[in-house]
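Understanding the architecture of this molecule
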Amino acid sequence: WREQLLGGFNLCFYGFGSKRRLIQDFVLEHMTLGPVVEINAFVPGLKLKKVFDAILTDVLGFSAAPRSVAQQVALMARAVWDARVAAGVEAPRPQAEDDAWEAMMERLSRAARGGGGERGAGE
């Protein structure tokens, strides 16, 4: 898992309960270079905007999170890019004018508003 993370990938676990202790041990032993975000998605009423609020304020240190999910995503993308550049990792600069970027922000914004919307082929 550590090599996957160092390669720029994320970890997402399904059926977390049976793996909880193993994951906690991994975090304590290997994840010492930066913050770890644990999202308990089974919590009733969990909203994507609240997750982003917490990441921006608790992890990235912003005094307040923007109200717009699109602005939140842009800030988080910029923070990740800045961190990768500071660590010497090549990373494409996030650009708001990029069509794929705009489409992703729109989907996240719809999801945060509770309108998950339709899914296209391949999604």
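Structure: see above.
This section reports on the structure supplied with the text. (Residues numbered from 1 in each chain as written. Predicted model: local features only at pLDDT ≥ 70, side-chain atom pairs only at ≥ 80, totals over all residues. Heavy atoms only, no water.)

A word on the environment of Val-89
- Counting through the fold element by element, Val-89 comes out in the loop between helix H4 (69-86) and helix H5 (99-112).
- Taking relative accessible area as the criterion, Val-89 reaches 36% and is therefore assigned partly exposed.
- Along the sequence, Val-89 and Leu-6 sit 83 residues apart, while their C-alpha atoms lie 9.9 Å from each other. (Helix = DSSP H or I, 4+ residues; strand = E, 2+ residues; numbered from the N terminus. Buried < 20%, exposed > 50% of the residue type's maximum accessible area, 1.4 Å probe, protein only.)

As for the nonpolar core
- In this structure, Val-51, Phe-52, Ile-55, Leu-56, Val-69, Val-73 and Met-76 together form the largest nonpolar core, which totals 7 residues.
- The greatest single-element share of this core, amounting to 4 residues, is contributed by helix H3 (residues 48-59).
- Here Ile-55 is in contact with Val-37, Leu-60 and Met-76, once residues within four sequence places are set aside. (Core = buried A, V, L, I, M, F, W, Y, C linked by side-chain atoms within 4.5 Å. Contact = heavy atoms within 4.5 Å.)

Quick look at the pattern of salt bridges
- Scanning all chains against the criterion turns up 4 salt bridges.
- Among the ionic pairs, Asp-82 bridges to Arg-78, the shortest N-O distance being 2.9 Å. Here Asp-82 and its partner Arg-78 are both found in helix H4, 4 residues apart, which amounts to about one turn of the helix.
- With a relative accessible area of 35%, Asp-82 lands in the partly exposed category. (Salt bridge = Lys/Arg side-chain N within 4 Å of Asp/Glu carboxyl O.)

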